[in-house]
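A closer look at the structure
Listed below are the residues making up each chain.
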Amino acid sequence: MSLCLDVQKQLANFTLDIKLTCEPGTLTAIVGPSGAGKSTLVRIIAGLTRPDSGQVKLHDTVWSDSTAKTFLPPQKRGLGLVFQDYTLFPHLTVRKNVAFAAREDVDIDALLKQFSIAHIAEQKPANISGGERQRAAFCQALARKPVLLLLDEPFSALDIATREALRTELKNQKGHWDIPIVHVTHDLEEAFYLADRIVAVENGHHSPFWLKRQLAHRD
Ligand code: ADP
Ligand code: ADP
């Protein structure tokens, strides 16, 4: 089921206006300068912000349509979210965090094993490393069998080695989940390494030129 979005929203200094389709099993990276509108786009997809006009659809399900006044609240969208600041509950163990919103038919032990964190299942987030917390956050997001994975700078707070390890795992696994993945990052290397498609956003608009300028400035 693809994510199809064609949305407009008036922001402080410009109008966000983005069209985007993300197919199952593919990762679309959203890149662009600070203030470009990336977080607003994430919030629109998650249902935390309403667009002024346009539509957000997952296959045949309309999540948001300004004309029809349809608006599906965030908890009904069935998303998996991973943000930079991990989404774990501090008072719960890794296992309980993952089990929290898990679907009944999910094998939590197998999932923890798949992300190499079975040995810390009974630890609380404060007692594990940043990389382990992000692994747990991915398990938590996937345990609910999401229809879409929405990643906002998921590796940005990690040291380089951990970032590269997690990046490699995401690249190896993303095709198997068979859901669209939207990945916001300021890290172009990461975008080129992971993405099936890169969407550069500048001043709220799709801007392939911004990407070209960044690449031209590099060497
Ligand atoms: P261009 O470089 O002419 O913008 P693209 O192929 O990059 O060509 O984009 C064509 C159109 O598709 C643009 O209007 C753009 O907003 C939209 N678009 C951008 N990203 C995506 C995406 N991931 N899937 C589908 N359409 C997209
Ligand atoms: P990015 O994530 O790319 O850094 P943001 O989406 O956070 O960009 O912000 C884009 C711009 O829109 C910023 O100038 C911000 O101040 C402005 N903005 C964000 N949310 C709103 C809002 N609800 N209304 C008006 N302006 C907003």
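No experiment lies behind these values; they were computed from the predicted model shown. (Residues numbered from 1 in each chain as written. Chains lettered and ligands numbered in written order. Predicted model: local features only at pLDDT ≥ 70, side-chain atom pairs only at ≥ 80, totals over all residues. Heavy atoms only, no water.)

1. Here's the deal with the environment of Ala 141
Its place among the elements puts Ala 141 in helix H4 (residues 130-143). When its relative accessible area of 3% is taken as the criterion, Ala 141 is described as buried. Each C-alpha atom of the pair Ala 141 and Ala 216 lies 36 Å from the other, and the pair is 75 residues apart in sequence. Not counting chain neighbours up to four residues away, the residues in contact with Ala 141 comprise Gly 80, Leu 81, Val 82, Pro 146 and Leu 149. (Helix = DSSP H or I, 4+ residues; strand = E, 2+ residues; numbered from the N terminus. Buried < 20%, exposed > 50% of the residue type's maximum accessible area, 1.4 Å probe, protein only. Contact = heavy atoms within 4.5 Å.)

2. Quick look at empty space enclosed by the protein
Here the idea is plain: a probe the size of a water molecule rolls over the atoms and shows the empty space left. Scanning the entire structure with this criterion turns up one cavity of 30 Å³ or more. The computed volume of the largest cavity comes to approximately 40 Å³. If you trace the largest cavity, you find it lined by Phe 115, Phe 138, Phe 155, Leu 166, Glu 169, Leu 170, Gln 173 and Trp 177. Considering each element in turn, the lining of the largest cavity owes the most residues, five residues, to helix H5 (residues 160-177). Broken down by class, the residue content of the lining of the largest cavity amounts to six nonpolar, one polar and one charged. (1 Å grid on protein atoms, 1.4 Å probe; cavity = no way out; pocket = protein on both sides within 12 Å on 5 of 7 lines; lining within 4 Å. Points joined across faces, edges and corners; volume = space filled by probe spheres on them. Nonpolar A, V, L, I, M, F, W, Y, C, P; charged D, E, K, R; others polar.)

3. Let's talk about the pairing of strand S1 (residues 3-10)
Inspection of the sheet shows S1 paired to strand S2 (residues 15-22) by eight bridges, in the antiparallel sense. Bridge pairing links Leu 5 to Leu 20 in S2. Between S1 and S2, which pair antiparallel one after the other, the connecting turn spans four residues. Pairing between S1 and strand S4 (residues 53-58): six bridges, direction antiparallel. Residue pairing across strands places Gln 8 opposite Ser 53, the latter belonging to S4. (Pairing = 2+ DSSP bridges.)

By themselves, these are just geometric observations and shouldn't be taken as functional.
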